[in-house]
Amino acid sequence: MSRNADRTTVRTLDNASEDLQQMADDVRAGLLSDPKDLSPWPKYFYDAEGSELFEEITVLPEYYQTRTELSILRERAPEIVALTRCQELIELGSGSASKTRTLLDAMTVEQGRSVQDPARYVPFDVSESTLQGSAERLVEEYPALEIQGYVGDFDHSLERLLARPRSVNGFRRLVVFLGGTIGNFTPEKRREFLGRLRSGLEEGDHLLVGVDLVEDPRVLEAAYDDAAGVTARFNKNLLSVLNRKLGGEFEPDLFDHRATYNPEESRVEMWLDSKVAQRVPVVALDLEVPFEPGEGMKTEISTKFTHESVAEAFDEAGLQLLGLYTDEENLFGLALGEPLSDTGPYSPR
């Protein structure tokens, strides 16, 4: 047994397994909408191939978000940890935890914790192998770190994750949701998601959310339509997921990738446009989906925020925005909030 085994656990939360019936229901609704719209369910992009392609995207020269967020964290992590006085860091969609190390450094080194007084890191992700691998690396790097990983997804497992017992009364948590993923949610789903997070927070807890900011549409569109075509491959891989899991017969080569900024909604939209007139069978849905030449199917949205819109989104969920940490060019931000003291359990406004 590893000498670090007593500091590392990875568990699966209830109802975290893939739900193909739910996927079928979601995709059916999207394919029958006008225009066709699969963007409310971004999680279906992330099979093994989609996850690898997204990792490629994050290091592309056009995709500034990842490196900019990391630069903000490197500069501001000690300040954020000192302000929140967190004893437990919960990361939603943790992946390899590459950016999280900035916060862990501040928790374990700058607060002077020892092995006898460990900080706790709680990564939450859909991939057990990813969680196990990152946990094994982190306990070697951080002798004062205890890791409790959980396998699950936002739809089924979020409440159970946040309802875990605390070590002692007043035990402070910092929940982080990095990468700008909050922008992939529709306004309704974003409001619901933030509200569910608020319901799991107690006095003294904080929430840190990565948000991509409104800027030059040319810069935004280039980030989702790179010269190397990696994002186009990522977008078309969604068709391969539908083929494999739902018996679809989509031909990716018969669709063009398109990314455009919608100023009215302050968001980038990714589309797949049919090159020809075609009818695509999807066996599991008992559908034959028609496409006209040039007809688009929306596959993803990525909302861009301002300081005001972040504050409004937090307020709607019963959260107070304490600060928006940005880079010098105001490309990206980290929004820090806490529960409003006069709100009880979340209810939609």
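Owing to the predicted nature of the structure, the values given are computational and were not obtained by experimental measurement.

Chemist: Give a description of the overall build of the protein chain that names residues and reports values.
Modeler: Helix and strand counts for the protein chain stand at 10 helices and 14 strands. Its C-alpha atoms give the protein chain a radius of gyration of 21 Å, near enough to 20 Å, the size a compact globule of 349 residues would have. In terms of overall dimensions, the protein chain has a C-alpha envelope of 65 × 45 × 40 Å along the principal axes. When each of the 349 residues of the protein chain is scored for burial, the buried share is 53%. Contacts in the protein chain between residues far apart in sequence, at least 24 positions, make up 73% of those at least 6 positions apart. In the structure as shown, the protein chain presents an accessible area of about 15,900 Å², 48% of it carried by carbon and sulfur atoms. Positive and negative side-chain charges in the protein chain, numbering 37 and 64 respectively, have mean positions lying 4 Å apart.

Chemist: Hey, could you go over the pairing of strand β5 (residues 145-151) for me, with residue numbers and the actual values?
Modeler: The element β5 is largely enclosed, with a buried count of 6 among its 7 residues. Pairing geometry for strand β1 (residues 8-12) and β5, over 5 bridges, is parallel. Looking at β5, one finds that T8 is bridged to I147. In terms of strand pairing, strand β4 (residues 119-125) meets β5 through 5 bridges, oriented parallel. Looking at the pairing, R120 lines up with E146 of β5.

Chemist: Any chance you could break down the layout of surface pockets for me, citing the residues and the numbers?
Modeler: Considered as a void within the structure, the second largest pocket measures approximately 240 Å³ in volume. For the lining of the second largest pocket, the secondary structure elements donating two or more residues are α7 (187-199), β12 (296-303) and α10 (307-316). Considering every element that reaches the lining of the second largest pocket, the biggest residue donor is α10, with 4 residues.

Chemist: Report on the packing of helix α2 (residues 48-57) against helix α9 (residues 230-246), specifying residues and quantitative values.
Modeler: Where α2 meets α9, the axes come as close as 9 Å, and the angle between the chain directions of the two elements is 160 degrees. Relative to α9, the element α2 is oriented roughly antiparallel. The hand of the α2/α9 crossing is left-handed. Only V230, T231, R233, F234 and N237 of α9 make contact with α2, whose side of the interface consists of E49, G50, L53, F54, E56 and I57. Considered class by class, the residues forming the contact of α2 with α9 number 5 nonpolar, 3 polar and 3 charged.

Chemist: Could you give an account of helix α3 (residues 65-84), naming the residues involved and the relevant values?
Modeler: An ideal rise of 1.5 Å per residue puts 28 Å on 20 residues; α3 reaches only 24 Å between its terminal C-alpha atoms. Where α3 bends most, at R76, the angle is about 60 degrees, and the proline P78 comes one to four residues later. Those residues of α3 that sit buried are Q65, T68, E69, L70, I72, L73, A77, I80, V81 and T84. In the segment just after α3, R85 is the residue with positive phi, at about 50 degrees.

Chemist: Explain the side chain of R164 to me, and be specific about the residues and the numbers.
Modeler: Turning to its location among the elements, R164 is positioned in the loop between α6 (154-162) and β6 (173-177). Among the polar contacts listed, one links the side chain of R164 to the side chain of E88, at a separation of 2.8 Å. Apart from the residues lying within four places of it in its own chain, the contact partners of R164 are E88, I90, R120, V122, Q148, Y150 and R173.

Chemist: Residue-level account of the pairing of β6, with values.
Modeler: The element β6 is largely enclosed, with a buried count of 5 among its 5 residues. Burial of β6 is two-sided: the residues R173, V175 and F177 facing one way and the residues L174 and V176 facing the other way are all buried. Direction of pairing for strand β3 (residues 88-92) relative to β6: parallel, over a ladder of 4 bridges. Paired with E91 across the two strands is V176, which belongs to β6. Sheet analysis places β6 next to strand β7 (residues 206-212), joined by 4 bridges and oriented parallel. Across the sheet, the residue bridging to L174 is H206, located in β7.

Chemist: Give me the side chain of D327: which residues, what numbers.
Modeler: Structurally, D327 is set in the loop between β13 (319-326) and β14 (332-339). Lacking a salt bridge, the buried D327 has R67 as its closest oppositely charged neighbour, with an N-O distance of 9.6 Å. If we skip the residues at most four places from it in the chain, D327 touches T68, I72 and F332.

Chemist: Let's hear about the pattern of salt bridges: which residues, and what values?
Modeler: On inspection of all chains with the given rule, the structure shows 21 salt bridges. A salt bridge links D37 to K298; the shortest N-O distance between them is 3.8 Å. Placement of the pair is D37 in strand β2 (residues 36-37) and K298 in strand β12, with a sequence separation of 261 residues. As far as burial versus exposure is concerned, D37 and K298 are alike and both buried. Among the ionic pairs, D273 bridges to R258, the shortest N-O distance being 2.6 Å. One end of the pair, D273, is in strand β9 (residues 267-274); the other, R258, is in strand β8 (residues 255-262), and 15 residues separate them in sequence. Owing to a relative accessible area of 13%, D273 belongs among the buried residues under this scheme. Among the ionic contacts, a cluster of salt bridges with common partners joins E88, R120, E146, R164 and R173.

Quick notes on the rules
Residues numbered from 1 in each chain as written. Predicted model: local features only at pLDDT ≥ 70, side-chain atom pairs only at ≥ 80, totals over all residues. Heavy atoms only, no water. Helix = DSSP H or I, 4+ residues; strand = E, 2+ residues; numbered from the N terminus. Rg over C-alpha atoms; globule rule 2.2 N^0.38 Å. Buried < 20%, exposed > 50% of the residue type's maximum accessible area, 1.4 Å probe, protein only. Contact = heavy atoms within 4.5 Å. Areas by Shrake-Rupley, 256 points an atom, 1.4 Å probe, with all protein chains shown as cover. Lys, Arg positive; Asp, Glu negative; His and termini not counted. Charge placed at Lys NZ, Arg CZ, Asp CG, Glu CD. Pairing = 2+ DSSP bridges. 1 Å grid on protein atoms, 1.4 Å probe; cavity = no way out; pocket = protein on both sides within 12 Å on 5 of 7 lines; lining within 4 Å. Points joined across faces, edges and corners; volume = space filled by probe spheres on them. Axes fitted to C-alpha atoms, helices over the stretch in contact; angles between N-to-C directions. Parallel < 35°, antiparallel > 145°, perpendicular 65-115°, else oblique. Left-handed = near helix turned anticlockwise from the far one by under 90°. Nonpolar A, V, L, I, M, F, W, Y, C, P; charged D, E, K, R; others polar. Expected span 1.5 Å × (residues − 1). Bend = angle between axes of the 7 residues up to and from the residue. Polar contact = N/O pair within 3.5 Å; in protein donor to acceptor, adjacent residues only side chain to side chain. Salt bridge = Lys/Arg side-chain N within 4 Å of Asp/Glu carboxyl O.

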